Amino acid sequence: MPAKAMIFDSRVRTLHDFGSAPVNTISFNPQARLVLLAGFGNLAGKIDIVDRRTLGKIATIEAPNTSYCAWSPCGRFLLTAVLSPRLRVDNGIKIWHCTGPLMHVQPVDELYQAGWRPTPVDQAPAFAQTIPPPPQPAPSVASAAVNGKSPSAKPAGAYRPPGARGLATPAIFRREDEGGAPRVPGSGSATPPRGYSGRSANVPGSGSPANGFYQANGQGARRQVPGAPPRTPPAGGAGANGSNGGENGALEKKRKKKEPKKKEKGGASGDGQSGAATPPNGDGETSARTSARPSVDVQVNGSGANGVVPAGQSVPPTPGAEQLDPVAKKVRNLNKKLKAIDELKEKAKRGERLEATQLKKMEGEAEIRKELAALTGAGAA
């Protein structure tokens, strides 16, 4: 949508192009002199009547909610109807002249079918050489206009919210039938290109780059909170290395936080040990952080990191390392089966229904007990 309507000859050569429009119905009158192009169903119900001889538009009819549309046998009138059960309101018929005026209106509470009286083709009157003028409308048209039932012309174009009405539609958002630019197949993107970039231009309401969103060199900075006192840059942040001011400030904060901890550790271990932890290259923070980490030997299966047990230390047993006797394992499994059989017996006593697999398991109790007695007897011997 919008669709494109064209007329071809018997050799599929284009005779006329009606252009793109929101239409889904095309119909010739019985004399093949007039043709209508309309959009019904989920479309607005706009009907264009075209003269086949001159290929010029004769009239445009607005018939919203139309469920049925048909030409009269004489080819001069058009019947439109709103039917149930598709729509249960505004049911009725309307008869239009081929030049556009409304001739007759007949509302019906519930209308399920409408149509012209059948007329043989040979008895249909011939269409005049010129378009006939419309006759006098029926009195029902005037009464419908008084009662407010006359068809109201809808504003042309797409729907606009109330806040956007009265403004000109940009050319990039217009359809082809509204005078917009023709669609050119491209990369597949349906969104027109914007005139700004999110990184280079200010977003409305986000403040200016001077407030802290962008620096002169293009790197990000801290957000400035409106009403808060300005933040003073740390010492050395605005010197020759101004671009690294934020990084130096973060390192300065970490160093200040670790100063009390270093002093406490130094007081507990003595002045000699705290002084020996500082290397001559001046990188005190890194060396202190490295020396403060305790050395941990990871034991694997009770041994050291290299699999060697230090002298004078006992190796703790590894959980689950002890292996059970195969006979003991078999006895334990048989006892579990007997316990499950006892539970099934209790269920049977309570009147619960057992499955076939459970009954089969209960039948094997004698064999299990026999096997268990053999195992326990062999273990005792």
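Residues numbered from 1 in each chain as written. Predicted model: local features only at pLDDT ≥ 70, side-chain atom pairs only at ≥ 80, totals over all residues. Heavy atoms only, no water.

Draft legend 1. Fine view of the sheet that holds strand β6 (residues 57–62). Pairing within the open sheet is antiparallel, and its four strands lie in the order β3-β4-β5-β6. Every interior strand has two partners, whereas the edge strands, β3 (25–28) and β6, have only one. Averaged over all neighbouring strand pairs, the angle between strand axes comes to 15 degrees, with direction disregarded. Both strand β5 (residues 46–51) and β6 contribute to a ladder of five bridges, which runs antiparallel. Directly across from Val 50, in β6, lies its bridge partner Lys 57. (Pairing = 2+ DSSP bridges. Helix = DSSP H or I, 4+ residues; strand = E, 2+ residues; numbered from the N terminus. Axes fitted to C-alpha atoms, helices over the stretch in contact; angles between N-to-C directions.)

Draft legend 2. A look at helix α1 (residues 139–146). Taken together, the buried positions of α1 are Ser 140, Val 141 and Ala 144. Taken around the axis of α1, the buried residues stretch over an arc of 105 degrees, which confines them to a single face. In this structure, α1 carries Pro 139 and Val 146 as exposed residues pointing more than 90 degrees from its buried face. Contact partners of the buried residues in α1: β10 (102–107). (Buried < 20%, exposed > 50% of the residue type's maximum accessible area, 1.4 Å probe, protein only. Arc of directions from axis to C-beta. Contact = heavy atoms within 4.5 Å.)

Draft legend 3. Summary view of the pattern of salt bridges. Within this structure, the stated rule accounts for eight salt bridges. Note that Asp 17 is salt-bridged to Lys 4, the shortest N-O span being 3.6 Å. You can see Asp 17 sitting in strand β2 (residues 14–21) and its partner Lys 4 sitting in strand β1 (residues 3–8), a full 13 residues away along the chain. The class of Lys 4 is exposed, set by a relative accessible area of 55%. (Salt bridge = Lys/Arg side-chain N within 4 Å of Asp/Glu carboxyl O.)

Draft legend 4. The arrangement of the side chain of Arg 33 in detail. Summarising the element assignment, Arg 33 is placed in the loop between β3 and β4 (34–38). Judged by its relative accessible area of 9%, Arg 33 is buried. Separated by 3.1 Å, the side chain of Arg 33 and the backbone oxygen of Ala 128 make a polar contact. (Polar contact = N/O pair within 3.5 Å; in protein donor to acceptor, adjacent residues only side chain to side chain.)

Draft legend 5. Summary view of the nonpolar core. Residues Ile 47, Trp 71 and Leu 78 are the most contacted members of the largest nonpolar core, which totals 17 residues. Of all the secondary-structure elements, those providing two or more residues to this core are β4, β5, β10 and α1. Setting aside residues up to four positions removed in sequence, Trp 71 forms contacts with Ser 27, Phe 28, Asn 29, Pro 30, Leu 34, Leu 36, Ile 49, Phe 77, Leu 78, Cys 98 and Trp 116. By size, the runner-up hydrophobic cluster in this structure holds ten residues, among which are Cys 74, Ala 81, Leu 83 and Leu 111. (Core = buried A, V, L, I, M, F, W, Y, C linked by side-chain atoms within 4.5 Å.)

Draft legend 6. Quick peek at the state of the cysteines. Counted by the stated rule, this structure contains zero disulfides. For the unlinked cysteine Cys 74, the closest cysteine sulfur is that of Cys 98, found at 8.5 Å. For Cys 74, a relative accessible area of 15% translates into the label buried. Among the residues examined, Cys 98 registers a relative accessible area of 0% and is labelled buried. (Disulfide = S-S within 2.5 Å.)

Draft legend 7. Representation of a nonpolar patch on the surface. A contiguous nonpolar surface patch, about 280 Å² in accessible area, is contributed by Met 6, Phe 8 and Val 12. As for its placement among the helices and strands, Met 6 is situated in strand β1. Exposure remark for Met 6: the relative accessible area of 30% places this residue in the partly exposed category. (Patch = residues over 30% accessible without salt bridge, like charges linked within 9 Å, V, L, I, M, F, W, Y side chains within 5 Å. Areas by Shrake-Rupley, 256 points an atom, 1.4 Å probe, with all protein chains shown as cover.)

Draft legend 8. Here's a closer look at the sheet that holds strand β7 (residues 68–71). The strand order β7-β8-β9-β10 describes an open sheet built from four strands, whose pairing is antiparallel. Both edges of this open sheet fall to β7 and β10, since each of them pairs with a single strand only. Pairs of neighbouring strands in the sheet enclose a mean axial angle of 15 degrees, with direction left out of account. Relative to strand β8 (residues 77–82), β7 runs antiparallel, the two sharing four bridges. Residue pairing across strands places Cys 69 opposite Thr 80, the latter belonging to β8.

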